[in-house]
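Next come the chains, spelled out residue by residue.
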Amino acid sequence: IHLILIWLFLWNFFRFIAKPCAINLGIQDSGPHRAQPNAILEKVFTSITKSPDGKRLEGLSKQLDWDVRKIQRWFRHRRNQDKPTTLTKFCESMWRFTFYLSIFLYGIKFLWSAPWFWDTRQCWYNYPFQPLTSRLYYYYILELAFYWSLMFSQFTDIKRKDFLIMFVHHLATIGLITFSYMNNMVRVGTLVLCLHDASDFLLEAAKLANYAKYQRLCDAFFMLFGVVFIVTRLGIFPFWILNTTLFESWELIGPYPSWWLFNGLLITLQILHIIWSYLIIRIAYKALVRGKVSKDDRSDVESSSEEEDVTSNSTKGVFSTSSNGSNRVNGHVASGQWPEE
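Residues numbered from 1 in each chain as written. Predicted model: local features only at pLDDT ≥ 70, side-chain atom pairs only at ≥ 80, totals over all residues. Heavy atoms only, no water.

### Describing the overall build of the chain
Along its length, the chain carries 11 helices and 0 strands. When the elements of the chain are put in sequence order from the N terminus, they spell out α-α-α-α-α-α-α-α-α-α-α. Looking at the chain as a whole, 52% of its 341 residues are labelled buried. Entry remark: accessible area of the chain is about 16,500 Å², with carbon and sulfur atoms responsible for 64%. (Helix = DSSP H or I, 4+ residues; strand = E, 2+ residues; numbered from the N terminus. Buried < 20%, exposed > 50% of the residue type's maximum accessible area, 1.4 Å probe, protein only. Areas by Shrake-Rupley, 256 points an atom, 1.4 Å probe, with all protein chains shown as cover.)

### Some thoughts on the side chain of H196
Along the polypeptide, H196 turns up in helix α9 (residues 186-211). Residue class for H196 comes out buried when judged on its relative accessible area of 6%. A polar contact is formed between the side chain of H196 and the backbone oxygen of V192, at a distance of 2.9 Å. The contact partners of H196, leaving out residues within four places of it in the chain, are R233, F237, L269 and H273. (Polar contact = N/O pair within 3.5 Å; in protein donor to acceptor, adjacent residues only side chain to side chain. Contact = heavy atoms within 4.5 Å.)

### Quick word on helix α10 (residues 215-253)
Along α10, the helix axis deviates most sharply at F237, where the bend reaches about 55°; the proline P238 sits within four residues downstream. Phi turns positive one or two residues past the end of α10, at G254, with a value near 80°. (Bend = angle between axes of the 7 residues up to and from the residue.)

### Quick word on the packing of aromatic side chains
Applying the stated rule across the entire model yields 27 aromatic pairs. One aromatic cluster is present, formed by W95, F99, Y100, F146 and Y147 through successive ring pairs. Directly above the ring of W66 sits K70, whose terminal nitrogen or CZ lies 4.2 Å from the centroid. (Phe/Tyr/Trp six-rings, centres within 6.5 Å; stacked < 30°, edge-to-face > 60°. Lys NZ or Arg CZ within 6 Å of the ring centre and 35° of its normal.)

### Overview of helix α2 (residues 39-47)
For α2, the set of buried residues is L41, V44 and F45. An end-on view of α2 places all buried positions within 95° of arc, on one side of the element. Exposed residues pointing more than 90 degrees away from the buried face of α2 are listed as A39, K43, T46 and S47. In this structure, the buried side of α2 is in contact with α3 (54-64) and α4 (68-81). (Arc of directions from axis to C-beta.)

### As for the side chain of R233
Relative to the helices and strands, R233 is located in helix α10. Owing to a relative accessible area of 1%, R233 belongs among the buried residues under this scheme. Side-chain polar atoms of R233 contact the backbone oxygen of H196, separated by 2.9 Å. Within the local environment of R233, its side chain forms a polar contact with the side chain of S199, the two groups lying 3.4 Å apart. Sequence-distant contacts of R233, defined by excluding residues within four places in its chain, comprise L195, H196, S199, D200, P238, Q270 and H273.

### Examining the nonpolar core
One finds L111, W116 and F262 to be the most contacted residues of the largest nonpolar core, which totals 69 residues. When contributions to this core are tallied by element, the ones reaching two or more residues are α1 (2-24), α5 (86-112), α6 (115-118), α7 (134-156), α8 (163-182), α9, α10 and α11 (259-290). No other element matches α9, which puts 14 residues into this core. If we skip the residues at most four places from it in the chain, L111 touches W116, F117, W118, T190, L191 and C194. Counting 11 residues, the second largest nonpolar core, distinct from the first, contains V44, L64, W66 and W74. (Core = buried A, V, L, I, M, F, W, Y, C linked by side-chain atoms within 4.5 Å.)

### Looking at the environment of L224
With respect to the element layout, L224 can be found in helix α10. Taking the C-alpha atoms as reference points, L224 and L202, separated by 22 residues in sequence, lie 7.3 Å from one another.

### Focus: the environment of L191
Its place among the elements puts L191 in helix α9. Taking C-alpha positions, L191 is 9.3 Å from W240, a pair spaced 49 residues apart along the chain. When neighbours within four sequence positions are excluded, L191 is seen to be in contact with L111, W116, F117, T120, C123, W240 and I241.

### Points about the packing of α2 against α3
Remark: α2 packs on α3, axes separated minimally by 11 Å, with the N-to-C direction vectors making an angle of 160°. Compared by their axis directions, α2 and α3 come out roughly antiparallel. In this structure, the crossing between α2 and α3 has a hand that is right-handed. Counted together, I40, L41 and V44 of α2 and R56, L60, Q63 and L64 of α3 form the full contact between these two elements. (Axes fitted to C-alpha atoms, helices over the stretch in contact; angles between N-to-C directions. Parallel < 35°, antiparallel > 145°, perpendicular 65-115°, else oblique. Left-handed = near helix turned anticlockwise from the far one by under 90°.)

### Things to note about unusual backbone geometry
In this model, Y127 is joined to P128 through a cis peptide bond whose omega is 5°. You can see P128 is positioned in the loop between α6 and α7. Here the phi dihedral of N184 falls at roughly 55°; this positive angle occurs in a residue that is not glycine. With respect to the helices and strands, the residue N184 is situated in the loop between α8 and α9. Unlike most non-glycine residues, K213 shows phi in positive territory, near 65°. Position of K213 among the secondary structure elements: in the loop between α9 and α10.

Rendered as structure tokens:
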């Protein structure tokens, strides 16, 4: 039910809030250049392959009496036809920015008065007989419904290079939320949720600035996102969260039956944090050495982005604003361009 309510709210948010904001910022609802109609190439594209190899290109060239480069250009344009417009991606990022920021502020307000926020050992006192308040319940349910929506949208959105990493991330997150709720580990669960929400809204803010062509603002948000991400995921998460789940819980309540699975999921998240942090650091290094970074290396790169026109590589800044408008982190980044999430 909560998932359905989120989808209904999302539809109204796109129509009455995000889209008018995008239009006011001058973002047009115009798609990429459409490929010239051709029955033979269309049949190959839909039935055989979207990226023909050299041998097939030569065969099509002889069959149509077209230059090979013209056929390559046709397939590139045809692939781009199916990609969402910049306005659509702006609306998606605005929705995620709104949710991440709202849930983060709610989490901070809720946890500020919670004793386990200041002393993580409180997560295990009287476990598992700890009360589940209504505020805590709704915090959990909203987060769970949102991550389920991200999981489903991965299969309807364009495929990105970090699809598998983000899929594992969403599975681990949903597994952790569900598992901790069923085992009444909600206290430490709220700490994990709030920590992860701390940087995500900054990434979406950077994307919004990129789509609106405020490049300096985009770069500033991305650099701030990188700092917060690395501090929270490589610093606070292992030394605050993993410390209490691995050592304090063992000391206070012993090796409970679900201890291994719970910590295994948390360690899986930490491995993903390390991978993404490496990619973010690589982008920052390029920015310092070269004075610019044409693309982000984490999660918003479409699978065919490396085949775009050379002119798309000329854009300065952390994000690339190429003709395909590639960008998404529901996730996060993968070599060369913005891939999530």
